[in-house]
Structures are given as structure tokens and as C-alpha cells.
Amino acid sequence: MNNARVVKDWRRVPGAVDCALRWLAKLAGMAAPFLLRVALALPFFKSGLTKWDGFLSLSPAASFLFQEEFKLHIFGQVYDLPAPGVLAFASGSAEIILPVLLILGLATRLSALSLLSMTAVIQLIVPEGWANFHLPWATMATALIAIGPGRVSLDYWIREFFERPQTSA
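Please read all numbers here as calculations on a predicted model, not as lab measurements.

*Asks:* Tell me about the overall build of the protein chain, residues and numbers included.
*Replies:* Secondary structure assignment for the protein chain yields six helices and four strands. Across the protein chain, helices and strands are ordered from the amino to the carboxyl terminus as α-β-β-α-β-β-α-α-α-α. Computed over C-alpha atoms, the radius of gyration of the protein chain comes to 23 Å, more than 25% over the 15 Å expected from 2.2 N^0.38 for 169 residues, which places it beyond the range of a compact globule. Across its three principal directions, the C-alpha atoms of the protein chain cover 80 × 55 × 30 Å. Residues classed as buried in the protein chain amount to 25% of the 169 residues present. Expressed as a percentage of contacts within the protein chain between residues at least 6 apart in sequence, the contacts between residues at least 24 apart total 68%. Split by element, the accessible area of the protein chain, about 11300 Å² in all, is 70% carbon and sulfur.

Here it is in C-alpha cells:
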């Protein structure tokens, strides 16, 4: 084989690698927001399912947890939750509705912000869970707030629909 041809062929490799990396980055850019949405939604949705015995029927176990077990840990003191029945219902509802919105990619930033707020409250109730649960949840929620829902989302499609130039008849 001609040495000049071998050198010429090797000069194409950086261009091919660059092209492959750009394609990979574009694919990851489309997949990452969706995967973040699913990863954040699943633990909250699973938790929400345990709080209900049927449509709008809060389980006795959920009520018990909010009344007797869950306590706020603030500055070394332990406090009862205010209005535990209301909080149990609100938490159970949010843990079903917000993950569904996240997976659909509808009101993504608002849903992520709401789950970030819930994570902050959960941190006050279960302070020892920060490294294994709360930190990853907070990181995913913050990333979604920062980067948005991505192209595989209803938010993106709705925005595209309304930003499309309107043609007159």
C-alpha cells in the first residue's frame, strides 16, 4: 500500500470521530431531558401510589404516617407536622400528578420546581436520606429547571406550535 495514501486516509479519522461525537451529543441532548424526567418521576410516583386506597381515598397508613411518624427536624429540635391530614392529601396528590406531568413533559419546569420543594421538605423530615435519595432528586430537579423539558416533550411541541409563523389566506 502506498504510504501517502495511508497518511491521507488517517487524516480523515479526526473528521469522522468529530462527526460521530457531534451525532452522539445531539442524540444524548434529545434523550437526556426525557431520561431525567423519568428518573425523577418514578420514585415520587411509586410513593404516591402507596398513599391511596382508591380514587381520592387516602390510605389509613398515609394518614398515620403524617400524624404520628413524620416529624420536622429543624435546628436539632423535632416538631409535629402542621395539618397532617391536609399535608397527607396534598403530598399524595402531588406525588401522582407531578410525575405524570414530568413524564409527559408538560409544565416541566414548574413540576420539577415543585418536586424540588417537596424534596427540601422531605429532607427536613428524613434528614439521614440526603446522600442516597434527596441529593440525586434535587440534582435531577435542578437540571430539569435549568435545561428544560427537551424535544421529546409536550412543552416543546406546544411551544413549536405557537411559535410557528401563521400564514394568511
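Okay, back to it.
*Asks:* Account for the pairing of strand 3 (residues 71-74), with residues named and values stated.
*Replies:* With four bridges connecting them, strand 3 and strand 4 (residues 77-80) associate as antiparallel partners. Along strand 4, the bridge assignment pairs lysine 71 with aspartate 80. As consecutive antiparallel partners, strand 3 and strand 4 are separated by two residues, and within that stretch phenylalanine 75 has a phi angle of approximately 50°, a positive value.

*Asks:* Describe the environment of isoleucine 103, naming the residues involved and giving the relevant values.
*Replies:* Topologically, isoleucine 103 is positioned in helix 3 (residues 84-104). Distance from isoleucine 103 to valine 121, taken between C-alpha atoms, is 22 Å for residues 18 residues apart in sequence. Residues in contact with isoleucine 103, not counting those within four places in the same chain, are Phe34, Arg37, Val38 and Ala41.

*Asks:* Describe a nonpolar patch on the surface, with residues and values.
*Replies:* A surface patch of nonpolar side chains, amounting to about 470 Å² of accessible area, comprises Met30, Phe34, Leu35, Leu42, Ile103 and Val152. When residues in the nonpolar patch are grouped by element, the largest group, four residues, is from helix 1 (residues 3-49). Here leucine 35 shows up in helix 1. Classification of leucine 35 by relative accessible area gives exposed; the value is 53%.

*Asks:* Tell me about the packing of helix 4 (residues 108-125) against helix 5 (residues 130-147), and name the residues and values.
*Replies:* Between helix 4 and helix 5, the shortest axis-to-axis distance is 8 Å and the interhelical angle comes to 155°. As the angle between them shows, helix 4 and helix 5 are arranged roughly antiparallel. In terms of crossing hand, the pair formed by helix 4 and helix 5 is left-handed. Across the interface between the two elements, Arg109, Ala112, Leu113, Leu116, Thr119, Ile122 and Gln123 of helix 4 pack against Trp130, His134, Trp137, Ala138, Ala141, Thr142, Leu144, Ile145, Ala146 and Ile147 of helix 5. Its residues assigned to classes, the contact of helix 4 with helix 5 shows 12 nonpolar, four polar and one charged.

*Asks:* Requested: an account of helix 3, with residues and values cited.
*Replies:* Residues spaced three or four apart along an α-helix face the same direction, because each turn holds 3.6 residues. Taking 1.5 Å of rise per residue, 21 residues should cover 30 Å, and helix 3 covers 30 Å from first to last C-alpha, within 8% of that figure. The positive-phi residue at the C-terminal boundary of helix 3 is glycine 105, with phi of around 75°.

*Asks:* Give a detailed account of the pattern of salt bridges, specifying residues and quantitative values.
*Replies:* All chains considered together, the criterion is met by three salt bridges. Ionic pairing is found between aspartate 80 and lysine 71, a salt bridge with its closest N-O pair at 2.6 Å.

*Asks:* An account of the packing of aromatic side chains is requested, with residue identities and associated values reported.
*Replies:* Tallied over the entire structure, the rule returns five aromatic pairs. A centroid spacing of 4.9 Å and a plane angle of 50° characterise the contact between phenylalanine 44 and tryptophan 137, whose relative ring orientation is tilted. Separated by 93 residues along the polypeptide, phenylalanine 44 in helix 1 and tryptophan 137 in helix 5 bring together distant segments of the chain. For the residue pair phenylalanine 44 and tryptophan 137, the accessibility class agrees, reading buried in each case. Judged by centre distance (6.0 Å) and plane angle (45°), the rings of phenylalanine 133 and tryptophan 137 are tilted. Of this pair, phenylalanine 133 and tryptophan 137 both sit in helix 5, four residues apart, which is roughly one turn of that helix. Accessibility expressed as a relative area gives 15% for tryptophan 137, which makes it buried. An aromatic cluster is present here, built from Phe44, Phe133 and Trp137 joined pairwise through their rings.

About the criteria used
- Residues numbered from 1 in each chain as written.
- Predicted model: local features only at pLDDT ≥ 70, side-chain atom pairs only at ≥ 80, totals over all residues.
- Heavy atoms only, no water.
- Helix = DSSP H or I, 4+ residues; strand = E, 2+ residues; numbered from the N terminus.
- Rg over C-alpha atoms; globule rule 2.2 N^0.38 Å.
- Buried < 20%, exposed > 50% of the residue type's maximum accessible area, 1.4 Å probe, protein only.
- Contact = heavy atoms within 4.5 Å.
- Areas by Shrake-Rupley, 256 points an atom, 1.4 Å probe, with all protein chains shown as cover.
- Pairing = 2+ DSSP bridges.
- Patch = residues over 30% accessible without salt bridge, like charges linked within 9 Å, V, L, I, M, F, W, Y side chains within 5 Å.
- Salt bridge = Lys/Arg side-chain N within 4 Å of Asp/Glu carboxyl O.
- Axes fitted to C-alpha atoms, helices over the stretch in contact; angles between N-to-C directions.
- Parallel < 35°, antiparallel > 145°, perpendicular 65-115°, else oblique.
- Left-handed = near helix turned anticlockwise from the far one by under 90°.
- Nonpolar A, V, L, I, M, F, W, Y, C, P; charged D, E, K, R; others polar.
- Expected span 1.5 Å × (residues − 1).
- Phe/Tyr/Trp six-rings, centres within 6.5 Å; stacked < 30°, edge-to-face > 60°.

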